[in-house]
Amino acid sequence: MRSVLGHFCTGVAVITGIDGGEPVGMTVQSLVSASLEPPLILVCPQRTSTSWPRIARGGVFCANILNSAQHALSLKFAKSGGPKFDGVPWRPGRTGAPILESALAHIECDVHSVHEAGDHFIVLGRVVDLAAGGTDGPLLFYRGAFGALAS
């Protein structure tokens with residue numbers, strides 16, 4: 001299944017939140033616009049994630065869409081535990097969730113609902129604020145490797 005679905009190119013995002021005043025984050029490939037009215041997005045964290053329960057406790061999150069130069073950042077946030085925010089410039093968004101300064105775009109959400117789905121959760125976030133500002137291309141993931149759009 002992984003090999004076949006790997007033929008579907010995805011973007012890469014870092015989902016961030018605040019837990020007990022501390023920033024927390026994780027890398028995801030599943031980020032989808034689910035509804036325009038009401039505005040909802042969908043993300044799918046793994047059930048084994050140690051970051052997702054901490055983000056969920058806060059009830060809000062920010063999806064930071066990474067640019068093509070942020071491969072190392074995506075790997076940093078993909079690891080379990082550790083000081084993920086060391087050296088990463090960020091600012092609190094409207095919800096308080098961290099907005100990564102160099103992201104292509106960010107989408108701040110309230111957690112609308114969470115559903116169990118096998119080895120993942122399906123999380124719907126109600127969009128409360130969003131903006132795009134980056135000019136670089138997106139960081140992509142295809143067939144097990146990171147890449148970028150050709151100019």
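Scroll up to find the structure this text is about.
This write-up is about the structure you can find in this document.

Thresholds, definitions, all that
- Residues numbered from 1 in each chain as written.
- Predicted model: local features only at pLDDT ≥ 70, side-chain atom pairs only at ≥ 80, totals over all residues.
- Heavy atoms only, no water.
- 1 Å grid on protein atoms, 1.4 Å probe; cavity = no way out; pocket = protein on both sides within 12 Å on 5 of 7 lines; lining within 4 Å.
- Points joined across faces, edges and corners; volume = space filled by probe spheres on them.
- Helix = DSSP H or I, 4+ residues; strand = E, 2+ residues; numbered from the N terminus.
- Nonpolar A, V, L, I, M, F, W, Y, C, P; charged D, E, K, R; others polar.
- Pairing = 2+ DSSP bridges.
- Axes fitted to C-alpha atoms, helices over the stretch in contact; angles between N-to-C directions.
- Contact = heavy atoms within 4.5 Å.
- Core = buried A, V, L, I, M, F, W, Y, C linked by side-chain atoms within 4.5 Å.
- Buried < 20%, exposed > 50% of the residue type's maximum accessible area, 1.4 Å probe, protein only.

### Thoughts on the layout of surface pockets
Then, number 1: As a volume, the largest pocket reaches approximately 1,400 Å³.
Then, number 2: Lining of the largest pocket is provided by 39 residues; of these, Val28, Gln29, Ser30, Cys44 and His120 occupy positions nearest its centre.
Then, number 3: If you list the elements that add at least two residues to the lining of the largest pocket, you get helix H1 (2–5), strand S1 (10–11), strand S3 (22–28), strand S4 (31–36), helix H3 (71–78) and strand S11 (140–142).
Then, number 4: Of the residues in the lining of the largest pocket, the class split is 18 nonpolar, 16 polar and five charged.
Then, number 5: There is about 180 Å³ of room inside the second largest pocket.
Then, number 6: Along the wall of the second largest pocket there are 13 residues; nearest its centre are Glu22, Pro23, Arg54, Gly82 and Lys84.
Then, number 7: At the level of elements, S3 and helix H2 (51–58) are the ones that each hand at least two residues to the lining of the second largest pocket.
Then, number 8: It is S3 that provides the largest number of residues to the lining of the second largest pocket, a total of four residues.
Then, number 9: The residue inventory of the lining of the second largest pocket, partitioned by class, reads four nonpolar, five polar and four charged.

### Some words on the sheet that holds strand S5 (residues 39–43)
Then, number 1: Overall, antiparallel pairing links the seven strands, which are arranged S3-S2-S6-S9-S10-S5-S4 in an open sheet. A single partner strand is all that each edge strand has here, and the edge strands are S3 and S4. Neighbour-to-neighbour, the strand axes of the sheet open up by a mean angle of 35°, direction not taken into account.
Then, number 2: Along the sheet, H2 makes contact with strand S2 (13–19), S3, strand S6 (60–65), strand S9 (105–117) and strand S10 (120–132), crossing S3 at roughly 125°.
Then, number 3: Packed on one face of the sheet, H3 meets S2 and S3 and runs near 110° to S3.

### Observations concerning the nonpolar core
Then, number 1: Formed by 16 residues in total, the largest nonpolar core has its most connected members in Ile15, Ile41, Ile55 and Phe61.
Then, number 2: Those residues within four positions of Ile55 in sequence are excluded, and the remaining contacts are Ile15, Thr16, Gly17, Val24, Gly25, Met26, Val60 and Phe61.

### A word on the pairing of S4
Then, number 1: Relative to S5, S4 runs antiparallel, the two being bridged by five bridges. Within S5, the residue paired with Leu36 across the bridge is Pro39.
Then, number 2: In this structure, the hairpin formed by S4 and S5 is closed by a connection of two residues.

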